[in-house]
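Chain and residue survey
Given next are the chains, with one letter for each unit.
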Amino acid sequence: MIGVINYRTGNAQSVLFALHHLELDARLVATPEEADGGDVDRFLLPGVGAADVTMASLAERGWVDHLDVRVRQQGAPFLGVCVGLQVLFEHSAEANTPCLGWLPGMVVRFPRGRLRVPHMGWNAVTRRSTHPFVRGLGPAHFYFVNSYYAIPAEDADVAGVTEYGVEFASVVARGNLMATQFHVEKSGPAGLALLSRFARLDPAELVDEMVG
Amino acid sequence: MLTTRVIACFDVKGGRVTKARRFQDNVDVGDAAEVARLLYADGIDEVVFYDITASPQRRRADLDTVRAVAENIFVPLTVGGGVRNLEDMHAVLAAGAEKISIDSMAVRNPALVTAGSREFGRQCMVLSMQVKRGERTATIPSGYEVAIDGARVLTGMDALDWGRRGEELGAGEIVVNSIDQDGTHAGYDLEITAAVADAVGVPVIASGGAGTPEHVARAFTAGASAAIVSSMLYSPRLEQNYTVHDIKQALHDGFGLPVRPTAEAASPR
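Residues numbered from 1 in each chain as written. Chains lettered and ligands numbered in written order. Predicted model: local features only at pLDDT ≥ 70, side-chain atom pairs only at ≥ 80, totals over all residues.

**A word on the overall build of chain B**
Check the secondary structure of chain B and you find 11 helices and 12 strands. Computed over the C-alpha atoms, the radius of gyration of chain B is 17 Å, within 12% of the 18 Å expected from 2.2 N^0.38 for a compact globule of 269 residues. (Helix = DSSP H or I, 4+ residues; strand = E, 2+ residues; numbered from the N terminus. Rg over C-alpha atoms; globule rule 2.2 N^0.38 Å.)

Structural data, given as structure tokens:
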């Protein structure tokens, strides 16, 4: 059962529609208590809006501590989407926000001037790692909406890249931590395929990956 | 590379898609969720719908229709009509929409754009403006005036100024909808589309008048990031309708524009 974390400004409902369309077991979880029932064995953090609002909302509801235990210590598979990717890093330039720091690196804004910001629309993703999450990911387009992007400090965490003025990490993956800068739930069949892949990954395989 | 975006737009009345010509004389096209599902399967990049009776009836957009559409398409969905406050936005987003389009209400209450942008992020707020071509005057230096309420009321505001102001207020995208071209199938108004695209740093969406894939291509070469099509996809009044595939193939093969291939939309899940 995938627990879709439902917080103030996320688009949890859209994510749930996509998971249910794929006939996957998923439900919205608004608080850690709701995820403690025993059936939730993996987490999806949807993202819409700003990093500071997202972090405040997660902290306020007790998610930061809960996810630290369930995901980082116990190894539950985790998928972050959009801002859900950005908050995995140490710091975001958006409102100068300290983030979860599960992955080393930071989040910066696209340069002002030549580029239209937000980066909005369908852009290509090129696979950059052998992590099981992106195994079989062919060249495809995904739907992006972002003004900020992550710069992982470890190259090995970069699982996919996209070009928009700069080449940036559009997929990151390390062990049981996976995240996409694009909206998997709004990226047509290519996005649904990745969601489906996340839902079916064997946690044991992800731990092996982390060790290997 | 970021591709050109082809957006299907439809007017919804009581859960059904209707097609108007110059904001009048509606004809029935079909069930909104079914029309959206077919367009999704055909490879549309994004869907926008306006609940055209919400504002006149002083109510929210029909949430059952928002949900029915959102459940069946896995590309971004923008909903417009009847948004008066943050609560209305919350309700529409919670029903499965990604973005809120505001038009007349933004003119009446510009602070609403800012409030929505702060609460949900700039990317959520689409400022849609109806523009009417006229004389260049001291108050309307661009020659294009903003209209509201289904193009019936002129505001005395310059379209270019309003576009710039919209970005400052917090809009993440700006739709330029030409009243003169709407429903004519004679092509977008490229002059005002290009002028707004030059003036703002957020993506601009061309709207009103597309009748052929070539019209769509011209919107992109004029500087638009996305183009709204409607009649050319399904209007029973038009002699020739085009599939999304037809349009994208023409954009790519005929004009060398980057597209998201419709083959990616057809691949099995």
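**Examining the overall build of chain A**
Tallying secondary structure elements over chain A gives seven helices and 13 strands in all. In terms of overall dimensions, chain A is globule-like: its C-alpha atoms have a radius of gyration of 16 Å, near the 17 Å expected for 212 residues. Per-residue burial for chain A yields a buried fraction of 56% across its 212 residues. (Buried ≥ 20, exposed ≤ 12 C-beta atoms within 10 Å, placed from the backbone.)

**Observations concerning the packing of helix H8 (residues 213-221) of chain B against helix H10 (residues 244-255) of chain B**
All names here are of chain B. Interhelical geometry of H8 versus H10 gives an angle of 60° and a closest axis separation of 9 Å. Taken together, H8 and H10 sit at an angle that is classed as oblique. Note that H8 runs across H10; the crossing there is right-handed. Seen from H8, the contacting residues are Pro213, Glu214, Val216 and Ala217; seen from H10, they are Asp246, Ile247, Ala250, Leu251, Gly254 and Phe255. Split by residue class, the contact of H8 with H10 holds seven nonpolar, one polar and two charged. (Axes fitted to C-alpha atoms, helices over the stretch in contact; angles between N-to-C directions. Parallel < 35°, antiparallel > 145°, perpendicular 65-115°, else oblique. Left-handed = near helix turned anticlockwise from the far one by under 90°. Contact = placed C-beta atoms within 7 Å. Nonpolar A, V, L, I, M, F, W, Y, C, P; charged D, E, K, R; others polar.)

**Section: the sheet that holds strand S8 (residues 119-127) of chain A**
Residues and elements named next belong to chain A. Spatially, nine strands are ordered S2-S1-S3-S4-S13-S12-S11-S8-S9 in an open sheet, and the strand pairing comes out mixed. The sheet is open, and its two edges are formed by strand S2 (26-29) and strand S9 (140-146), each paired on a single side. Going from strand to strand, the sheet's axes swing by 30° on average, the running direction of each strand aside. Pairing analysis gives four bridges linking strand S4 (residues 78-81) to strand S13 (residues 177-180), with the strands arranged parallel. Each bridged residue has a counterpart across the sheet, and for Gly80 the counterpart in S13 is Ala179. With respect to the sheet, helix H6 (residues 188-200) is in contact with strand S1 (2-5), S4, S9 and S13, its orientation differing from that of S9 by roughly 90°. (Pairing = 2+ DSSP bridges.)

**Thoughts on the environment of Val66 of chain B**
All names here are of chain B. For Val66, the position within the fold is in helix H2 (residues 63-70). Taking the number of C-beta atoms within 10 Å as the measure of exposure, Val66 has 25 and is therefore buried. Spatially, the C-alpha atom of Val66 lies 9.0 Å from that of Leu93, the residues being 27 residues apart in sequence. Apart from the residues lying within four places of it in its own chain, the contact partners of Val66 are Ala61, Val79, Val92, Ala95, Gly96 and Ala97.

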